[in-house]
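What follows is each chain in one-letter form.
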Amino acid sequence: MEKKHTIAITVEDQPGVFTRIAGLFARRSFNIDTITVGKSEKQGISKMIITVIGDDRDLERVEKQINKLIDTIKVTEMPKKSAFIAELCIIKVAVQDKKIRDDIFSYAKIYDAKIIGMTDKTLTMYLVGESENIESYIRLMVPFGINEISRTGVTAISKDW
Amino acid sequence: MNGAETLVKTLIAHGVKTTWGITGGVVIPLFDAMLAESDSIKNILTRHEQGAAHAAEGYARALGQPGVCIGTSGPGATNLVTGIMDAHMDSVPIIALGGQVATHLIGTDAFQETDMYGITMPIVKHSFVLRDSNKIASTIMKAFKIATEGRPGPVYIDMPVDVLKKEVTTISPKEVYIEGFQPTIIPNHRQIVRAAELILRAERPIFIAGGGVISANASNEFAELVTLLHIPVTTTLQGKGCFDERHPLALGVVGMHGKKIANFAQINADVIIAISVRFSDRITGNLASYAEHAKIIHIDIDPAEIGKNVKVDVPIVGDAKNTIIALIHTIKKLMKKNEKSAWLEKLVQFKGVCDKCIPTPDGKAIHPKQIIDVLNSLIKDEDIITTGVGQHQMFAMHFLKRSRPRTFISSGGSGTMGFGLPCAMGAKIAIPNKRVINIDGDGSFQMNIQELGTIKENNINVTSIIFNNSYLGMVRQWLEIFYGKRYAQVNLGKNIQFAKIAEAYNLNGEVIERVSELKEKLANAIKSDIATIVDVHIEEESNILPMLPPGGHLKQMFGTCIKGPDQWF
């Protein structure tokens, strides 16, 4: 059954490592949904979080192929129940009048979205959280008229038990 | 000591005596440094970098040590690409060194600047850019480690010229550690026991042995395992020679142009023991229906190969040698009695039928099979055979008997025409006291024909036997069978006289036009003191059969020989 999988990859911070991994996905026809990369807690080691869509067999093949890359140190699947997964979304919404502004304010409060910019015609805010949460917030904003959205893609860390 | 000198010293420290390559502006420092070490290392100046890359492959595959090839920036380096890809597909350990413009010019589209690091990324095991002279030694050490350990493969190293020229101020490390590269060599014991139990329970087991048996130098251990179990052996093209093909249990090569008996055995097997094979489409035919009834034990050093194409019942990660040794050990403990199985008797009986069911030439023109027959009587077990790619290659694969590892070297995964000649010169330089014979086609031979110059200048005595049918024969065969003889772009014409080309290079040239001349002229060519090209004019439209239609079920193999496998078992 096809579903979304989140994979954490720790890699040597070498020039070209991002291309190497992204290229691998393209070459093996694996579908990347999101990809993020940043520094890890260790110097010289980066962490990439990739979400892919596929069945369990696809996932196994992806993991093995990534593991095979010399720059890869570790590949871990991050199932939802055992990892904190979050992304950041910045959203710019059209605002016609005060009533709409107030409506958006109240939604933002419920969803813990932070207002970071305001003009007479737009409201810009960001929110952090699980992708589902962000998507439901976006759906709520649709009727107001979304001008622009920027999303980071998810990052993740394992839970301690 | 500058960067280039350090690089050369590091190559020498890894046992490299020969490199293959062509000079150019940015690699002058490298070849200059080699000049000072000419007692220990020598570059053979090829005529084209593709020749250098395939020669490095031939060297590596004959010797079991990494080959090194060198190209200058831009086209020099891109000419290496086909050879790097070939090495990647067939898991050959080569180090490809490419020149690069000086670091301050990178990104300016300087003369011959090319992103070789990017170009080669999908076709290397790993690659490096030398950015710091002080890290040259450690990088080269890492490259050798990566190319040779685990599943072998090509490593590309980009060498900006300023880094080669700069003084090195640190001492080379004694060893290097790569955190993300720890191949599993020793197999898991529980999996070995599971495999052993499955094998011993099997009624219709079969081996399929691939190139990894050869690259792990596991042929002796494999023969011991086969003798212990008395299970028939098939091989892939890359595995050819890992097991004596004259042995009664040897059924031959599997795949599109393999032996029917070998393919039909896969269909009927209940357990397939696959050692270091990729289950490529040329082996399995239609994947969904491949060996539907068999449980598969898949042994490979590369975990990513297991489960990539076929569903595996017992996966074992480990190198062929250690895994086979572990299997022998466990099987000896678990084995009760070695009974003669009905399966084996039938296979041996059908093998006899299969062997007799070969194409019968009409006697007028020379049939390719007749050349192979003569070669089978002329070549010794230790002689090294290389091939080009095409019908001649498949005739050699199908009919030529090989009994030792590293004596049949052919481009499999990438099917690189033009592979045979440069590969032969690489093999000959690697092991000068062995005879090296390149079986080639007229199309394939012309793709690296320029290396005759290298062969002459360096007195590399190899014999090339050209199966000359004036066609790109394999495609012609496909057009005949699948396109109703509409021959598009396959006719090479009859105007080329290869023997005269040989003479122009001051080499030996021979022409064979009659069956009756085959034996004597081929014998003389192989014995000759200087490299010889034998232009054998063969029947123009002979086909290599049997054949599996691409993507077809193994039982759909057609042409010659025994009928379908269904009624056998």
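From a predicted model like this one, the values you see are computed outputs, not experimental measurements. (Residues numbered from 1 in each chain as written. Chains lettered and ligands numbered in written order. Predicted model: local features only at pLDDT ≥ 70, side-chain atom pairs only at ≥ 80, totals over all residues. Heavy atoms only, no water.)

> How should I be thinking about the overall build of chain B in this particular structure?
On a plain count of helices and strands, chain B comes out with 23 helices and 18 strands. In terms of overall size, chain B behaves like a compact globule, its C-alpha atoms giving a radius of gyration of 24 Å where 569 residues would be expected to give roughly 25 Å. Projected onto the principal axes, the alpha-carbon positions of chain B cover approximately 70 × 60 × 40 Å. Taking the intrachain contacts of chain B between residues at least 6 apart in sequence as the baseline, contacts between residues at least 24 apart amount to 77%. Working note: accessible area of chain B is about 22,100 Å², and carbon and sulfur atoms make up 51% of it. Of the charged side chains in chain B, 58 are positive and 56 negative; the average position of the first set lies 7 Å away from that of the second. (Helix = DSSP H or I, 4+ residues; strand = E, 2+ residues; numbered from the N terminus. Rg over C-alpha atoms; globule rule 2.2 N^0.38 Å. Contact = heavy atoms within 4.5 Å. Areas by Shrake-Rupley, 256 points an atom, 1.4 Å probe, with all protein chains shown as cover. Lys, Arg positive; Asp, Glu negative; His and termini not counted. Charge placed at Lys NZ, Arg CZ, Asp CG, Glu CD.)

> Would you explain the overall build of chain A in this entry?
If you tally the helices and strands in chain A, you get 4 helices and 9 strands. A principal-axis box enclosing the C-alpha atoms of chain A has dimensions of 55 × 35 × 35 Å. In chain A, the proportion of contacts linking residues at least 24 apart, taken out of those at least 6 apart, comes to 73%. Carbon and sulfur atoms form 53% of the exposed surface of chain A, whose accessible area is close to 9,200 Å². Each charge class in chain A can be summarised by its mean position, and for the 25 positive and 23 negative side chains these summaries are 1 Å apart.

> Would you mind going over the interface of chain B and chain A with me for this structure?
Accessible area lost upon the coming together of the parts serves often as the stated size of an interface. Counting residues at the interface gives 21 residues for chain B and 18 residues for chain A. Interface area, chain B with chain A, both sides summed: about 1,600 Å², of which 50% is carbon and sulfur. By the criterion of area lost to chain A, the three top residues of chain B are B:Met121, B:His126 and B:Glu179, representing 29% of everything that side buries. In this structure, the connection of chain B to chain A is made through 1 salt bridge. Taking the shortest distance from any N to any O, the salt bridge between A:Lys68 and B:Asp302 comes out at 2.6 Å. The interface formed by chain B and chain A includes 8 residue pairs in polar contact (both at pLDDT 80 or more). (Buried area = accessible area lost by both parts, 1.4 Å probe. Salt bridge = Lys/Arg side-chain N within 4 Å of Asp/Glu carboxyl O. Polar contact = N/O pair within 3.5 Å; in protein donor to acceptor, adjacent residues only side chain to side chain.)

> Just to check I follow, could you spell out the packing of helix H1 (residues 17–27) of chain A against helix H2 (residues 56–68) of chain A for this structure?
The relative placement of two packed helices comes down to the angle between their axes together with the axis-to-axis distance. Residues and elements named next belong to chain A. At a minimum axis separation of 11 Å, H1 and H2 run at an interaxial angle of 145°. Handedness of the H1/H2 crossing: right-handed. Within the contact between the two elements, H1 uses Ile21, Leu24 and Phe25 and H2 uses Val62, Gln65 and Ile66. Of the residues that constitute the contact of H1 with H2, the class distribution is 5 nonpolar, 1 polar and no charged. (Axes fitted to C-alpha atoms, helices over the stretch in contact; angles between N-to-C directions. Left-handed = near helix turned anticlockwise from the far one by under 90°. Nonpolar A, V, L, I, M, F, W, Y, C, P; charged D, E, K, R; others polar.)

> I would appreciate a short explanation of the pattern of salt bridges in the present structure.
Between side chains of opposite charge, a pair can form when the charged atoms approach closely. Residues and elements named next belong to chain B. In total, this model carries 33 salt bridges over all chains according to the counting rule given. Note that Asp383 is salt-bridged to Arg435, the shortest N-O span being 2.8 Å. Here Arg435 lies in the loop between helix H18 (420–430) and strand E15 (436–441) and Asp383 lies in the loop between helix H16 (368–378) and strand E13 (384–387), a separation of 52 residues in the sequence. Owing to a relative accessible area of 2%, Asp383 belongs among the buried residues under this scheme. Relative accessible area serves as the criterion here: at 23%, Arg435 is assigned to the partly exposed category. (Buried < 20%, exposed > 50% of the residue type's maximum accessible area, 1.4 Å probe, protein only.)

> Looking at this model, I keep getting lost on a nonpolar patch on the surface. Mind explaining?
A cluster of nonpolar side chains, B:Ile481, B:Phe482 and B:Tyr483, forms an exposed patch at the surface whose accessible area comes to about 270 Å². The partly exposed category is assigned to B:Ile481, whose relative accessible area is 30%. (Patch = residues over 30% accessible without salt bridge, like charges linked within 9 Å, V, L, I, M, F, W, Y side chains within 5 Å.)

> What is the right way to look at unusual backbone geometry in this model?
Trans is the common state for peptide bonds, and a negative phi is the common state for residues other than glycine. Along the chain, B:Leu545 connects to B:Pro546 via a cis peptide bond; the corresponding omega equals 0°. Note on placement: B:Pro546 falls in the segment after strand E18 (532–537). Its identity as a non-glycine residue notwithstanding, A:Ser29 has a phi of 55°, on the positive side. Position of A:Ser29 relative to the elements: it lies in the loop between H1 and strand E2 (31–39). The phi angle at B:Lys485 is positive, at roughly 65°, despite the residue not being glycine. Along the chain, the position of B:Lys485 falls in the loop between helix H21 (473–482) and helix H22 (498–504).

> Sorry if this is basic, but what is going on with the state of the cysteines here?
In protein chemistry, a disulfide is the covalent bond that joins the sulfur atoms of two cysteines. Residue and element names in this part refer to chain B. Within this structure, the stated rule accounts for 0 disulfides over all chains. Of all cysteine sulfurs in the structure, the one in Cys423 sits closest to Cys242, which takes part in no disulfide; the separation is 18 Å. Relative accessible area serves as the criterion here: at 3%, Cys242 is assigned to the buried category. Lacking any disulfide linkage, Cys423 is separated from the closest cysteine sulfur, that of Cys69, by 13 Å. On the basis of relative accessibility, which here comes to 0%, the residue Cys423 falls in the buried class. (Disulfide = S-S within 2.5 Å.)

> Just to check I follow, could you spell out the domain arrangement of chain B for this structure?
Residues and elements named next belong to chain B. With domains assigned, chain B is organised as domain 1 (3–165), domain 2 (189–355) and domain 3 (360–537). Across the boundary between the two partners, domain 2 contributes 19 residues, which contact 23 residues of domain 3. Between domain 2 and domain 3, the buried area comes to about 1,800 Å², and carbon and sulfur atoms account for 53% of it. Three residues stand out in domain 2 for area buried against domain 3, namely Leu237, Lys240 and His257, and they jointly supply 35% of the buried area on that side. (Domains from an automatic or database assignment.)

> I tried to follow the sheet that holds strand E8 (residues 233–235) of chain B on my own but got confused; where do I start?
Hydrogen bonds along the backbone pair up the strands of a sheet, which may run parallel or antiparallel. Residue and element names in this part refer to chain B. Taken together, the 6 strands give an open sheet; going across it, the order is E9-E8-E7-E10-E11-E12, and neighbouring strands pair in parallel fashion. The two strands at the open ends of the sheet, each matched to only one other strand, are strand E9 (250–253) and strand E12 (314–317). Mean inter-strand twist for the sheet, computed between neighbouring axes without regard to direction, equals 15°. In the packing of helix H11 (residues 219–229) onto the sheet, contacts are made with strand E7 (205–209), E8 and strand E10 (271–275), and the angle to E7 comes to roughly 170°. Together, E7, E8, E9 and E10 form the strand contacts of helix H12 (residues 260–268), whose direction differs from that of E9 by roughly 105°. (Pairing = 2+ DSSP bridges.)

> Would you take a moment to explain empty space enclosed by the protein for this structure?
Empty space left among the atoms is revealed by rolling a probe the size of a water molecule over them. Residue and element names in this part refer to chain B. Per the counting criterion, the structure on display carries 3 cavities of 30 Å³ or more. In this model, the largest cavity occupies a volume close to 100 Å³. Lining the largest cavity are 15 residues, and of these Glu245, Leu251, Gly252, Lys259 and Lys401 lie nearest its centre. Contributions of two or more residues to the lining of the largest cavity are made by E9, helix H15 (342–356) and helix H17 (391–399). Lining the lining of the largest cavity are residues from two domains, each supplying at least three of them: domain 2 (189–355) and domain 3 (360–537). (1 Å grid on protein atoms, 1.4 Å probe; cavity = no way out; pocket = protein on both sides within 12 Å on 5 of 7 lines; lining within 4 Å. Points joined across faces, edges and corners; volume = space filled by probe spheres on them.)

> So what exactly am I meant to see when it comes to the domain arrangement of chain A here?
Residues and elements named next belong to chain A. According to the domain assignment, chain A consists of domain 1 (3–77) and domain 2 (84–158). Placing a centre on the C-alpha atoms of domain 1 and another on those of domain 2 gives a separation of 29 Å. Counting residues at the interface gives 7 residues for domain 1, matched by 6 residues for domain 2. Taken together, both faces of the contact between domain 1 and domain 2 bury some 510 Å²; the carbon and sulfur share is 61%. Three residues, Thr6, Thr36 and Ile49, lead the burial of domain 1 against domain 2; their summed loss comes to 59% of the area buried on that side. Applying the counting rule to domain 1 against domain 2 returns 0 salt bridges. Inspection of the domain 1/domain 2 interface yields 1 residue pair in polar contact (both at pLDDT 80 or more). Contributions of two or more residues to the side of domain 1 that touches domain 2 are made by E2 and strand E3 (45–54). Residue composition of the side of domain 1 that touches domain 2, grouped by class: 2 nonpolar, 4 polar and 1 charged.

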